[in-house]
Amino acid sequence: QVQLVESGGGLVQAGGSLRLSCSASARTFSSAAMGWFRQAPGKEREFVAGITRDGARTSYADSNKGRFTISRDNAKNTMYLQMNSLKAEDTAVYYCAARVDYYHPSTHEQEYTTWGQGTQVTVSA
């Protein structure tokens, strides 16, 4: 059984918007800081955004700060990534990740224990 499930990816023109969702079990979601990562073909996976276990604090990569917004609804066991003003360089597979038993997220992928399958985001130039 897949522990995290991403949805909402697709094809969008530069300047457009997408909203990604990540659903998890209540047990996993309630115990974890969460993060979004992305990976473009031939490149390393990189941190996109993170959110604390209670949703009180957020962090962003400099490349998307001001354009992306991470949020979570603990009652629905769902995390979101609202992406606005999308650029061609945002094209990647986006992954949802859980840092189980931690309050703070991390920018390092190695510190996350649970991952989704990814959802493709393609931004046309």
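Residues numbered from 1 in each chain as written. Predicted model: local features only at pLDDT ≥ 70, side-chain atom pairs only at ≥ 80, totals over all residues. Heavy atoms only, no water.

### A closer look at the state of the cysteines
Here is step 1: Considering all chains together, one arrives at one disulfide under this definition.
Here is step 2: For Cys-22, the disulfide goes to Cys-96, at an S-S distance of 1.8 Å. Since a negative S-S torsion denotes a left-handed disulfide, the Cys-22-Cys-96 link at about -65 degrees is left-handed. You can see Cys-22 sitting in strand β3 (residues 18-24) and its partner Cys-96 sitting in strand β9 (residues 92-100), a full 74 residues away along the chain. Across the pair, exposure class does not vary: Cys-22 and Cys-96 are buried alike. (Disulfide = S-S within 2.5 Å. Helix = DSSP H or I, 4+ residues; strand = E, 2+ residues; numbered from the N terminus. Buried < 20%, exposed > 50% of the residue type's maximum accessible area, 1.4 Å probe, protein only.)

### A short note on the sheet that holds strand β7 (residues 68-73)
Sheet strands associate in pairs through backbone hydrogen bonding, adopting either a parallel or an antiparallel arrangement.
Here is step 1: Taken together, the four strands give an open sheet; going across it, the order is β1-β3-β8-β7, and neighbouring strands pair in antiparallel fashion. Pairing within the sheet leaves two strands with one partner each, and these edge strands are β1 (4-7) and β7. Taking the axes of each pair of neighbouring strands and ignoring which way they run, one obtains an average angle of 15 degrees across the sheet.
Here is step 2: As paired strands, β1 and β3 are joined by four bridges and run antiparallel to one another. The residue bridging Ser-7 from the neighbouring strand is Ser-21, located in β3. (Pairing = 2+ DSSP bridges. Axes fitted to C-alpha atoms, helices over the stretch in contact; angles between N-to-C directions.)

### Examining the side chain of Ser-31
Here is step 1: Position of Ser-31 among the secondary structure elements: in the loop between α1 (26-30) and β4 (32-39).
Here is step 2: In this view, Ser-31 contacts Arg-53, Arg-99, Val-100, Asp-101 and Tyr-102; residues no more than four positions away in its chain are not counted. (Contact = heavy atoms within 4.5 Å.)

### A short note on the environment of Arg-45
Here is step 1: Tracing the backbone shows Arg-45 in the loop between β4 and β5 (46-51).
Here is step 2: Under the relative-accessibility criterion, Arg-45 is labelled partly exposed at 24%.
Here is step 3: With 47 residues separating them along the chain, Arg-45 and Ala-92 place their C-alpha atoms 9.4 Å apart.
Here is step 4: With near-sequence residues (within four places) excluded, Arg-45 lies in contact with Phe-37, Arg-38, Gln-39, Tyr-95, Glu-109 and Trp-115.

### A closer look at the packing of aromatic side chains
Here is step 1: Overall, the coordinates contain five aromatic pairs when judged by the stated rule.
Here is step 2: Arranged with centres 5.6 Å apart and planes meeting at 75 degrees, the rings of Phe-37 and Phe-47 form a pair that is edge-to-face. Remark: Phe-47 occurs in strand β5 and Phe-37 occurs in strand β4; sequence separation between them is 10 residues.
Here is step 3: When the ring of Phe-37 is compared with that of Trp-115, the centres are 5.2 Å apart and the planes differ by 55 degrees; the resulting orientation is tilted. (Phe/Tyr/Trp six-rings, centres within 6.5 Å; stacked < 30°, edge-to-face > 60°.)

### Things to note about the pattern of salt bridges
Here is step 1: Here the structure, examined in full by the defined rule, presents five salt bridges.
Here is step 2: Linking Arg-67 and Asp-90 is a salt bridge whose minimum nitrogen-to-oxygen distance equals 2.8 Å. One end of the pair, Arg-67, is in the loop between β6 (58-60) and β7; the other, Asp-90, is in the loop between β8 (78-83) and β9, and 23 residues separate them in sequence.
Here is step 3: Where Arg-99 meets Glu-111, a salt bridge forms, and the shortest distance between an N and an O atom there is 2.4 Å. Taken as a pair, Arg-99 in strand β9 and Glu-111 in the loop between β9 and β10 (114-115) lie far apart in primary sequence, 12 residues in all.
Here is step 4: A residue is classified by how much of its surface remains accessible, and Arg-99, at 10% relative accessible area, is buried.
Here is step 5: Taken together, the salt bridges that share partners define one network made up of Arg-38, Glu-46, Arg-67 and Asp-90. (Salt bridge = Lys/Arg side-chain N within 4 Å of Asp/Glu carboxyl O.)

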